[in-house]
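The residues making up each chain are set out below.
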Amino acid sequence: MLVDEGKVIFEYELSPRLGDRSLPRKVELADNELERLCTYYSMGSNQRRLRVMTELAKGVELRFSDIMQIATNPKLAQDCLQPMLKEGLVVHGKRGSGYQISEKALPLVVFLTVGLGKMLSVLERDIAARNARGPK
């Protein structure tokens, strides 16, 4: 269940009725929503980029040299930074200043790391438990 200020925005039963393995009927995504999701999924699908975002989410300002410690070379560091800068997930001040995470990016980073990881653990545990019980 996804809740915003006490209002349920999305709800999905993890243990659907036997034979019901489809998405909820309420799930409909417009083309622009799918495009936005693809952009965010691509941000999280790159391990180095996700590590940079995670470090930035800790509230620290990273200099390019710090990002190179994660990305290992200047080209990979730029490959990490450019999509995040383009999408407004990372901000960079004047020359010589570091990179910081934007307000827009913090919820995304939390979801892509802790949130998604915990959700997947619950789903995998639920599936394993159902498989262990065998077919009904």
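Sequence order as written defines residue numbering, which begins from 1 separately in each chain. Where local features are concerned, this predicted model is filtered to residues with pLDDT of at least 70; where side-chain atom pairs are given and counted, the filter is 80 or more; whole-chain, interface and lining totals use all residues. Hydrogen atoms and water are omitted, and side-chain values are computed over all heavy atoms in the structure.

Draft legend 1. Main features of the side chain of R49. In this description a helix means any DSSP run of H or I spanning at least four residues, a strand means any run of E spanning at least two, and both kinds are numbered starting from the N terminus. Tracing the backbone shows R49 in helix 2 (residues 47–57). Each residue's exposure class comes from its accessible area (1.4 Å probe, protein chains only) as a fraction of the maximum for that residue type: buried when under 20%, exposed when over 50%, partly exposed otherwise. For the charge count, each Lys or Arg is scored as positive and each Asp or Glu as negative, with His and the chain ends excluded. Salt bridge criterion: a side-chain nitrogen from Lys or Arg within 4 Å of a carboxyl oxygen from Asp or Glu. Although buried, R49 forms no salt bridge, and the nearest oppositely charged side chain, D79, lies 6.7 Å from it. Within the structure, the side chain of R49 is placed 3.4 Å from the backbone oxygen of C80, a separation counted as a polar contact. Contacts between residues were defined by any pair of non-hydrogen atoms, one from each residue, lying within 4.5 Å. If near-sequence neighbours (up to four positions away) are discounted, R49 is found in contact with S42, M43, D79, C80, P83 and M84. Here a polar contact is recorded for every N or O atom pair within 3.5 Å, except that within protein the pair must consist of a potential hydrogen donor and a potential acceptor, and residues adjacent in sequence are included only if both atoms are side-chain atoms.

Draft legend 2. Representation of the packing of helix 2 against helix 3 (residues 64–71) within the structure. One can describe the packing of helix 2 onto helix 3 by two numbers: an axis separation of 9 Å at closest approach and a directional angle of 135°. As judged from the angle between their axes, helix 2 and helix 3 are oblique. Helix 3 is crossed by helix 2, and the crossing has right-handed handedness. Contact residues: helix 2 offers R48, R51, V52 and E55, while helix 3 offers I67, I70 and A71. Throughout this entry, Asp, Glu, Lys and Arg are counted as charged residues, while Ala, Val, Leu, Ile, Met, Phe, Trp, Tyr, Cys and Pro are counted as nonpolar. The remaining residues, Gly among them, count as polar. Its residues assigned to classes, the contact of helix 2 with helix 3 shows 4 nonpolar, no polar and 3 charged. Lines fitted to C-alpha atoms define the axes here, with helix axes fitted over just the stretch in contact, and angles between the N-to-C directions of these axes take values from 0 to 180 degrees. By the definition adopted for this analysis, an angle is roughly parallel if under 35 degrees, roughly antiparallel if over 145, roughly perpendicular if from 65 to 115, and oblique otherwise. Crossings are sorted by hand: turned counterclockwise from the far helix by less than a right angle, the near helix makes the crossing left-handed, and turned clockwise it makes it right-handed.

Draft legend 3. Region of interest: the pattern of salt bridges. With the rule as written, the count across this model stands at 2 salt bridges. The salt bridge involving E55 is made with K58; its shortest N-O contact spans 2.9 Å. The exposure class of E55 is partly exposed, given its relative accessible area of 28%.

Draft legend 4. Region of the structure containing helix 4 (residues 74–86). Here the expected span of a helix is defined as 1.5 Å times the quantity of residues minus one. The first and last C-alpha atoms of helix 4 sit 18 Å apart over 13 residues, in line with the 18 Å expected at 1.5 Å per residue. Listed in full, the buried residues belonging to helix 4 are A77, C80, L81 and M84. Each buried residue of helix 4 sits inside an arc of 85° when the element is viewed along its axis, so together they form one side. Within helix 4, the exposed residues directed more than 90 degrees away from the buried face are K75 and K86. What the arc measures is the spread of directions leading from the helix axis to the C-beta atoms.

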